[in-house]
Amino acid sequence: MPVAQQIREGRVPVEVYTAEIEAAARQQLVNVSQLPIVHHHVAAMPDVHLGIGATVGSVIPTRGAIIPAAVGVDIGCGVIATQLSLTGKDVEEKSLRKVFDQISRDVPVGFAQHDDAAADAKPFHKGLKCILDKHPGVQKRIGKRSDWRLQLGTLGGGNHFIEVCLDESQGVWVMLHSGSRGIGNAIGSYFIELAKKDAEKNQIRLPDRDLAYFPEGAQHFGDYVEAVGWAQDYARANRAEMLDLVVEGMRRHLPSFEATREAVNCHHNYVQRERHYGADVWLTRKGAIRAGKGELGIIPGSMGARSYIVRGKGSAASFESCAHGAGRKMSRSAARKRFRVEDLVEQTSGVICRKDKGVLDEIPGAYKSIDEVMANQADLVEVVHTLKQVLCVKG
């Protein structure tokens, strides 16, 4: 489906890939489109919904500046997936329950972390030290019991998950969703506040304080680029470390297997330098993945719904981007009021997962229809594999 609607209330238009958008999220898109740093237009993906400052599901090209709050605090959050040489008949319910317990032991979730640092943490020491030496305030935002070295290879909470899935041919996949953990949150929140202070000091007028930005050449611009790049690399390594832990845990309870394809590992909250519409820009994907021509990506649904491995079509209008998932249609508090544990049990039928009030806000009914999201972005991606989870671990 092509662009469903266009909003022309700012300096540049907003191209929206869905006919349905909540009023508050629409206003956020208008706010972004009014900024003098935005290039050509803003793109809103089919899963667009309310965020902080910038809308989740938006793609924002900026010239000579970056908006830290558009990148957010879960810097580098994304999904990794790989296919295994197993089939559906190799993952019976009894074995899967053992796998669920094994993953729960091997991968810390929520606020938990490992007892020992992963070897993969060593390459990150020098870069982070440079960041903290210049900005010790980042360290003050990290919880006293939180250690980035021990959190490498940990899931976190909220909508982060680890899943075992079956594709349309009964092939087995492992897929997981996580980001840069506590250290990414500290970096993100610190620089968001710094951008707000700089904007006030320089008397920059903004439609929303959360849209404060660092211009190139400004005092903190280079430091933010360095810090956000570090956090994005850390997030990617975090997912890879977890995937290794999950696969090794599965080997203890399932027939011998191999990974049959290189893992797809893609961010959906990040910023990077790209060229679009004749200009070199800082492209922020806030709840969107890169979908360049021929590039593989992952679009997960909610727990209990289908997910997709996709190949990008390289659409210029979407800045070579697509949706990052189903997208919430109600807040966490609204979901807890609307649904009961019995609803969760029903909506996650056939999936080995937690079915208690602690994850009620992640019930599939709180999310948009992933099928509708996929239909709305047929111009942006083609489906390579359709996955359905049989096991889901959440924080």
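A brief structural summary. (Residues numbered from 1 in each chain as written. Predicted model: local features only at pLDDT ≥ 70, side-chain atom pairs only at ≥ 80, totals over all residues. Heavy atoms only, no water.)

**Description of the sheet that holds strand 17 (residues 381-394)**
The 7 strands are arranged 10-6-8-7-17-15-14 in an open sheet whose pairing can be described as antiparallel. Each edge of the open sheet carries a strand with a single partner, namely strand 10 (264-267) and strand 14 (296-299). For this sheet, the mean inter-axis angle between neighbouring strands, taken without regard to orientation, is 30 degrees. Across 7 bridges, the pairing between strand 15 (residues 306-312) and strand 17 is antiparallel. Residue Tyr-308 lies in a different strand from strand 17, and its bridge partner there is Thr-386. Most of the contacts of helix 3 (residues 93-106) go to strand 17, to which it runs at about 80 degrees, and overall it touches strand 7 (161-166) and strand 17. Its contacts with the sheet place helix 8 (residues 221-251) against strand 6 (78-87), strand 7, strand 8 (171-178) and strand 10, and it is angled at close to 140 degrees to strand 8. (Pairing = 2+ DSSP bridges. Helix = DSSP H or I, 4+ residues; strand = E, 2+ residues; numbered from the N terminus. Axes fitted to C-alpha atoms, helices over the stretch in contact; angles between N-to-C directions. Contact = heavy atoms within 4.5 Å.)

**Structural notes on the nonpolar core**
By size, the foremost hydrophobic cluster in this structure holds 45 residues, and its most contacted members are Met-45, Met-175 and Ile-298. Apart from residues no more than four positions distant in its own chain, Ile-298 is found in contact with Val-79, Ile-80, Ala-81, Met-175, Val-264, Cys-266, Ile-289, Tyr-308, Ile-309 and His-324. Membership of the second largest hydrophobic core comes to 33 residues, among which are Ala-121, Val-138, Phe-214 and Ala-227. (Core = buried A, V, L, I, M, F, W, Y, C linked by side-chain atoms within 4.5 Å. Buried < 20%, exposed > 50% of the residue type's maximum accessible area, 1.4 Å probe, protein only.)

**Looking at the pattern of salt bridges**
Enumeration over the complete set of coordinates arrives at 24 salt bridges. Close ionic contact of Lys-134 with Asp-223 constitutes a salt bridge, the shortest N to O distance being 3.2 Å. Residue Lys-134 is located in helix 4 (residues 125-134), and its partner Asp-223 is located in helix 8; the two are separated by 89 residues in the primary sequence. Classification of Lys-134 by relative accessible area gives partly exposed; the value is 43%. Asp-223 gets classed as buried once you look at its relative accessible area, which sits at 17%. We note a salt bridge from Asp-210 to Lys-196, for which the minimum N-O separation is 2.9 Å. With Asp-210 in the loop between helix 7 (181-201) and strand 9 (214-215) and Lys-196 in helix 7, the pair connects residues that are 14 residues apart, well separated along the chain. Like Asp-210, the residue Lys-196 is buried in the burial classification. Here the salt bridges do not stand alone but share partners, grouping Arg-328, Arg-332, Arg-336, Asp-361, Glu-362 and Lys-394 into one network. (Salt bridge = Lys/Arg side-chain N within 4 Å of Asp/Glu carboxyl O.)

**Some details on the packing of aromatic side chains**
A complete count under the given rule lists 11 aromatic pairs for this structure. Seen in terms of ring centroids, Tyr-190 and Phe-191 are 5.1 Å apart; in terms of plane orientation they differ by 90 degrees. Their pairing is edge-to-face. By relative accessible area, Phe-191 is classed as buried at 0%. With 5.8 Å between their ring centres and 70 degrees between their planes, Phe-221 and Trp-282 make a pair best called edge-to-face. Of the two residues, Phe-221 sits in helix 8 while Trp-282 sits in strand 12 (residues 279-286), which places them 61 residues apart along the sequence. Trp-282 shares its class with Phe-221; the two are buried. Each member of the aromatic cluster is reached from another via a ring pair, and the members are Phe-124, Trp-148, Trp-230 and Tyr-234. (Phe/Tyr/Trp six-rings, centres within 6.5 Å; stacked < 30°, edge-to-face > 60°.)

**Details of the pairing of strand 11 (residues 269-276)**
In this structure, strand 11 lies alongside strand 12, joined through 8 bridges in antiparallel fashion. Note on strand 12: the bridge partner recorded for Asn-269 is Lys-286. As consecutive antiparallel partners, strand 11 and strand 12 are separated by 2 residues, and within that stretch Tyr-277 has a phi angle of approximately 50 degrees, a positive value.

**Quick word on helix 7**
With 21 residues, helix 7 extends 31 Å from end C-alpha to end C-alpha; this agrees with the ideal 30 Å at 1.5 Å per step. Just past helix 7, the residue Gln-203 takes up positive phi, approximately 55 degrees. (Expected span 1.5 Å × (residues − 1).)

**Re the environment of Gln-219**
One can find Gln-219 in the loop between strand 9 and helix 8. With 155 residues separating them along the chain, Gln-219 and Gly-64 place their C-alpha atoms 14 Å apart.

**A word on the side chain of Gln-151**
Looking at the secondary structure, you find Gln-151 in helix 6 (residues 148-151). Setting aside residues up to four positions removed in sequence, Gln-151 forms contacts with Gln-113, Ser-146, Arg-181, Gly-182, Ile-183, Tyr-234 and Asn-238.

**Let's talk about unusual backbone geometry**
Unusually for a residue other than glycine, Tyr-277 sits at a positive phi of about 50 degrees. Examined against the element boundaries, Tyr-277 turns out to sit in the loop between strand 11 and strand 12. The partly exposed category is assigned to Tyr-277, whose relative accessible area is 35%. Not every positive phi belongs to a glycine, and Phe-319 is a case in point at roughly 55 degrees. Classification of Phe-319 as buried rests on a relative accessible area of 0%.

**Here's the deal with the side chain of Gln-232**
When you line up the elements, Gln-232 lands in helix 8. A polar side-chain atom of Gln-232 sits 3.0 Å from the main-chain amide nitrogen of Val-271. With sequence-adjacent residues up to four places away left out, Gln-232 is seen in contact with Ile-75, Gly-76, His-267, Tyr-270 and Val-271. (Polar contact = N/O pair within 3.5 Å; in protein donor to acceptor, adjacent residues only side chain to side chain.)

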